[in-house]
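Understanding the architecture of this molecule
One letter stands for each residue in the lines below.
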Amino acid sequence: MKLTDFKVLSFDSYGTLIDWESGIFNALRPLAMRSGKNLTRDQILEVFGRHESPQQKATPTALYSDILRKVYDRIAKEWKLEIDDQEREEFGTSVKNWPPFPDSIEALNYFKQYYKLTILSNIDRGEFEFSKDKLGIEFDLVVTAQDVGSYKPDPKNFAYLIGALEKIGFEKSSILHVAESLYHDHVPANAAGLASSWIHRRHGKEGFGAIHVPATEATYNFRFISLAKMVESHKKLVSEKLENPNFM
C-alpha cells in the first residue's frame, strides 16, 4: 500500500491541521491559574481530554461551542471553583483563536494537486469557518458533527463521510483518513474499513494530551510525525514514478 494508491484524503481538523492543544491550553489557563494547583500544560490538557468526549456523548447534537462551555463547567466543578461567566464564554468561543500547525497550509496546498480534500471534524459549521479561513483552502467536502448529529468516535460520522463520497463517485477503497487522534479517528476508521495515516503530532511526549485515552488498540497504514513528513514521502513516490513509470 502506497500514499499514491488513494484519490481522497479525509482530514481530521483539530489536532491534525489546527493546533488545538495550544488553543485549549491558552483558553483554559485562567481557570487553571485560579485553581492554585500549579498544573503542567499536559496535566491541563489531560483534564480536558477526560471531560470532552463524555460531554459529546451526553449531548451529541450540541454545537461545539456549547460542548466547550459544558466542559468548562465540568472542570470548574472538579477543581471546586466558581464559574466565571467571562472565562466560560471566552473558552466556549475560543476555536476562533486556535492556530494552524506550521506545516498545515503548505501541506494542504501540495496535496490539493493530487487528491480531493475533505474534512471530517468534531466541530460545527460556524466554528469551522474560523479554521477554514486560517487554512486558506477550499475543501471538496466538509462533514461536521453538526451535519451528522454525533461526535467522533461515533461510527455514524464515518458512515456519513463514506456515503457522501460514494455519492460523488469515490469508493471507500479510494479514501485515506489522515488524523492525529487514535481515539476519535483511527479506531472508528478501522471499524469502518478505511485506510488511515497517523499524524503523530505528540511524538516524543508522554500521554495522550487533550485526547481521550482509547479503550481499543488502533491500527493505521502509515505513520508520520508531521504533515510535512507525509508530503516528503509523497514527493519521493512522485519522483520515483517520474524516473520509473512502471513503479506505481
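Residues numbered from 1 in each chain as written. Predicted model: local features only at pLDDT ≥ 70, side-chain atom pairs only at ≥ 80, totals over all residues. Heavy atoms only, no water.

On to the sheet that holds strand β2 (residues 116-121). Pairing in this open sheet of 6 strands is parallel, and the strands run β3-β2-β1-β4-β5-β6 from one edge to the other. Pairing within the sheet leaves two strands with one partner each, and these edge strands are β3 (141-144) and β6 (222-224). Recorded for the sheet is a direction-independent mean angle of 20° between the axes of neighbouring strands. Its contacts with the sheet put helix α9 (residues 182-192) on β4 (175-179) and β5 (195-199), and the angle it makes with β5 is roughly 160°. (Pairing = 2+ DSSP bridges. Helix = DSSP H or I, 4+ residues; strand = E, 2+ residues; numbered from the N terminus. Axes fitted to C-alpha atoms, helices over the stretch in contact; angles between N-to-C directions. Contact = heavy atoms within 4.5 Å.)

Moving on to the nonpolar core. Judged by nonpolar contacts, the single largest core of 57 residues is most densely connected at Phe11, Tyr64, Phe111, Phe139 and Met230. At 7 residues, helix α3 (residues 64-78) tops the list of elements feeding residues into this core. Discounting residues that sit within four places of it in the chain, Tyr64 has contacts with Trp20, Phe48, Glu52, Gln56, Val95, Trp98, Asn122, Ile123, Asp124 and Tyr151. Among the nonpolar cores identified, the runner-up in size contains 15 residues, and Val143, Val148, Ile175 and Ala189 belong to it. (Core = buried A, V, L, I, M, F, W, Y, C linked by side-chain atoms within 4.5 Å. Buried < 20%, exposed > 50% of the residue type's maximum accessible area, 1.4 Å probe, protein only.)

A word on the confidence of the model for the chain. Residues with a pLDDT of 70 or more make up 94% of the chain, whose mean pLDDT is 92. When the elements of the chain are averaged for pLDDT, helix α10 (residues 227-243) gives the smallest value, 90, and strand β1 (residues 8-11) the largest, 98. (pLDDT = per-residue confidence, 0-100.)

A word on the environment of Ala228. Examined against the element boundaries, Ala228 turns out to sit in helix α10. Between the alpha carbons of Ala228 and Ile199 there is a distance of 9.8 Å; along the sequence they are 29 residues apart.

This part covers the side chain of Gln55. Mapped onto the elements, Gln55 comes out in helix α2 (residues 41-58). A relative accessible area of 8% means that Gln55 is categorised as buried. When neighbours within four sequence positions are excluded, Gln55 is seen to be in contact with Ile67, Lys70, Val71 and Arg74.

It is worth spelling out the packing of aromatic side chains at this point. All chains considered together, the criterion is met by 13 aromatic pairs. On the basis of an interplanar angle of 85° and a centroid distance of 6.5 Å, the ring pair of Tyr64 and Trp98 is categorised as edge-to-face. Here Tyr64 is found in helix α3, whereas its partner Trp98 is found in the loop between α4 (85-92) and α5 (104-111), with 34 residues between them in sequence. Ring centres of Phe128 and Phe139 lie 6.1 Å apart, and the angle between their planes is 55°; on these two criteria the pair is classed as tilted. Taken together, the residues Phe128 in helix α6 (residues 125-135) and Phe139 in the loop between α6 and β3 connect sequence positions 11 residues apart. Chaining the aromatic ring pairs together yields one cluster made of Tyr14, Trp20, Phe48, Tyr64, Tyr72, Phe91, Trp98 and Tyr151. When the ring centre of Phe101 is taken as origin, the NZ or CZ atom of Arg201, which lies over that ring, is 3.9 Å away. (Phe/Tyr/Trp six-rings, centres within 6.5 Å; stacked < 30°, edge-to-face > 60°. Lys NZ or Arg CZ within 6 Å of the ring centre and 35° of its normal.)

Further remarks concern the packing of helix α1 (residues 20-35) against α3. Axis separation between α1 and α3 bottoms out at 11 Å; the angle between their running directions is 40°. Read as a crossing pair, α1 and α3 show a hand that is right-handed. For the pair formed by α1 and α3, the contact residues are Trp20, Leu28, Leu31 and Arg34 on the first element and Tyr64, Tyr72, Ile75 and Ala76 on the second. Residue classes in the contact of α1 with α3 are distributed as 7 nonpolar, no polar and 1 charged. (Left-handed = near helix turned anticlockwise from the far one by under 90°. Nonpolar A, V, L, I, M, F, W, Y, C, P; charged D, E, K, R; others polar.)

The next subject is the domain arrangement of the chain. Looking at the chain, the domain boundaries give domain 1 (3-19 + 99-243) and domain 2 (20-97). Domain 1 and domain 2 are separated by 24 Å when their C-alpha centres are compared. In this assembly, 26 residues from domain 1 lie in contact with 28 residues from domain 2. Surface buried jointly by domain 1 and domain 2 totals about 2100 Å² across both partners, of which 52% is contributed by carbon and sulfur atoms. Between the two partners, domain 1 and domain 2, sit 0 salt bridges. Summed over the shared surface of domain 1 and domain 2, the number is 9 residue pairs in polar contact (both at pLDDT 80 or more). Of all elements in the fold, only α6 and α9 reach the threshold of two or more residues within the side of domain 1 that touches domain 2. Split by residue class, the side of domain 1 that touches domain 2 holds 10 nonpolar, 9 polar and 7 charged. (Domains from an automatic or database assignment. Buried area = accessible area lost by both parts, 1.4 Å probe. Salt bridge = Lys/Arg side-chain N within 4 Å of Asp/Glu carboxyl O. Polar contact = N/O pair within 3.5 Å; in protein donor to acceptor, adjacent residues only side chain to side chain.)

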